[in-house]
Each structure stands twice: as structure tokens, then as C-alpha cells.
Amino acid sequence: MLQGRHIIDASDLSVEELSTIVNLALKMNADPEKFSNLCKGKILATLFYEPSTRTRLSFESAMLRMGGSVIGFSDAETSSVKKGENIADTIRVLSNYAHIVVMRHPREGAPLLASQYSRVPVINGGDGGHQHPTQTLTDILTIKYYKKDIRDIKIAICGDLLFGRTVHSLLKTLSRFPNIEFVLISPSELRIPYHLKNSIIEKHNVKIFETTSLEEHINDVNVLYMTRIQKERFFSEDEYIKLKGSYILTPEKLKHARKDLLLMHPLPRVNEISYEVDMDPRAKYFEQARLGVFARMALIALLLGRSH
Ligand code: CP
């Protein structure tokens, strides 16, 4: 039962609930018109304390496509946050204005704090370098759409695995599906947090191989998930400059990958996938962003108890 729940961490959703959301999202993608009045009379609030294109606008698009309405801010500087209002007071008030809230915040744990003061469901739209559960819904929907099943997959995840919240949520989620193997490719400075690696190995006994080489492993995986080196999470500009060009996927490198590779990226991209790669039929990152609307439609509908 998803109605009324907060979605803060990837582990808030069981595998069964993830499948329910993905299956509803697939139906919505196949026949969006059928769901055009599902959330009539309901209001979504988007509280974004950090920049976003896909997450905020796909949530807004999702609600509007289901006949609901949207309020919120995309820049906290234009809200009473600027006057010093805290998250608890903001969410107490917003709970009276909206039926469901999406929050993005640069501080890890901010959406969790909001959920403790909210009378309506709070969805984490990304908190610092911690979690991004609705990106993961988008990602597993994309895998299901192209690979037909979320099992027996060897996935390489490449880039900033230390600060990448999309990566953290994806690892926590995919590790619970059958026979998933991870190849984690990063500079040694940006390896996944030790506690996260240990907890998913201990809990789910998944195979994880860590490496610094994309070239050595690109031929051997079903899915390649590229990520951006995230300038905004670095403490020093010099360190960012040193690492930003670590991995650049080019058509030349892709020649060595499988014909049925699924190439994903949560976006935005900076320089880690060259523009020529966009022509490759295996590149599905823009399609992934499109599917994100349906993942979020399904989630909103289920949290509001409006899935039928
Ligand atoms: N993938 C993602 O979260 O994109 P935005 O930062 O544009 O929302």
C-alpha cells in the first residue's frame, strides 16, 4: 500500500512496490490519455532549493498530464527561506496548500526532516550526495522497457560514484533484483562510499567489481550508466579540474561494446559522453528522461491513492 507514504530513500520501496510503480508507468506510457483525469483536484508542490531541469519539470508535467495542478518554487531565494524560515515551518505550511510535495535540497537529510513535519507525502527529489529515488524509478523503468526484465544484468556505472546520488539510489535498488552484477568505474578519489558498498554486499550478496578503466570493461556489460563528475560537490576547484575529464565516452570506445548495450545517463551531461554518441541507437538517455515523466506519474498516482 503506497497511499500516503513518504519516499525519501531508495530502500523505502520494496521490490514488489517498485514493480507496481514500473508496471503502472508502462501502462501510462502506452496510453497517457486514459490517465488524463486521474489526479483532477489534486495539487503538487515542488520545493526546489537546488537547480533542476528534469526532476522538477517532469514532476510538474506528470501532475499536469493527470489533470492536477502545480505550485512551488524553483529558487528558494524567492521564497521566505530568504527571510530565515526553516524547513519544518515551510513544510507545515505547504501541507495545507498541496496534497503531495517534492523537495530537492543540497543538504543530505533535508527531505527526511520535511517528512517528519508534513501531513502529506513528501518525495525526495535529490538531497546532496545522498539519494535520488525517483531518478532510480526512471532508471529501472528504462531498463524494464528496453531489456524487458530487471534481472540477469551486468551493469557498469561510470563516473562520480562518491557524490553521485543517482548512483547511490540505483545501487541500493538494483542490488535487490535477481542476478545483478555491478562493474563500478571511477577515479580512485571518487569510489563509492565504503559503507554503501559493504551494506549492499552484506545484505544482498551481489557481485561488485571496482576498477578505474572504462575501456577494459565496456565490451562485457549489458548496461552502461554514465554519470557526470559533479562540480558542485567538490570542496576544491583544482580537484574538480583534475578529475572532470576522467571518462569521455566516444564512438570509438563504443565500437567495443555489445550490439544490444543499453547506454544510460541520468543527465545533465557535461563532457562525459561526446555528442557524436547521441546518434548511436544504443544511446537511450533522452528516452530515459522521457520515461521519467511516466515513472513520476505512476508514483504520484499511487501515493495519492489514485491509481485506478
Ligand atoms: N537527473 C536529474 O536529476 O536531472 P536534474 O538535476 O535536471 O533534475
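Rules and cut-offs
- In this convention, every chain numbers its residues from 1, walking through the sequence in written order.
- Reporting of local features is limited, given that this is a predicted model, to residues whose pLDDT is at least 70; pairs of side-chain atoms are given and counted only at 80 or more, and all residues count toward the totals for whole chains, interfaces and linings.
- Computation of side-chain values: all heavy atoms of the structure, hydrogens and water removed.
- Should DSSP find at least two bridges between two strands, the strands are regarded as paired.
- Runs of E in the DSSP output that reach at least two residues are strands. Runs of H or I that reach at least four are helices, and both are numbered from the N terminus.
- The axes are straight lines fitted to the C-alpha atoms, using for helices just the contacting stretch, and the angles between their N-to-C directions are given from 0 to 180°.
- Residue contacts follow a heavy-atom distance rule, with two residues in contact if any of their heavy atoms lie within 4.5 Å.
- The definitions used throughout rest on a 1 Å grid laid over the protein atoms alone, on which a cavity is an enclosed set of points accommodating a 1.4 Å probe that cannot get out and a pocket is an open set flanked by protein within 12 Å on both sides along at least five of seven lines; lining residues are those having an atom within 4 Å of a point.
- Grid points are joined across faces, edges and corners, and a volume is the space filled by probe spheres set on the points.
- Lys, Arg, Asp and Glu make up the charged group, whereas Ala, Val, Leu, Ile, Met, Phe, Trp, Tyr, Cys and Pro make up the nonpolar group; the residues left over, Gly among them, are polar.

Draft legend 1. Just the sheet that holds strand β4 (residues 122-127), in detail. In spatial order, the strands read β2-β1-β3-β4; together these 4 strands make up an open sheet with parallel pairing. Each end of this open sheet is capped by a strand with a single partner; those strands are β2 (69-73) and β4. In this sheet, neighbouring strand axes are inclined to one another by 15° on average, regardless of whether the strands run parallel or antiparallel. In this sheet, strand β3 (residues 100-105) lies alongside strand β1 (residues 43-48) in parallel orientation, the contact comprising 5 bridges. By the bridge assignment, A45 is partnered in β3 with V101. Sitting on the sheet, helix α2 (residues 54-65) is in contact with β1, β2, β3 and β4, with an inclination near 175° to β1.

Draft legend 2. Quick peek at empty space enclosed by the protein. Considering all chains together, one arrives at 1 cavity of 30 Å³ or more under this definition. Of the pockets and cavities examined, the largest cavity occupies roughly 30 Å³. Lining the largest cavity we find A10, L13, L18, P133, T136, L137 and T173. Top element by residues in the lining of the largest cavity is helix α5 (residues 133-147). It accounts for 3 residues. Here the residues of the lining of the largest cavity sort into 5 nonpolar, 2 polar and no charged.

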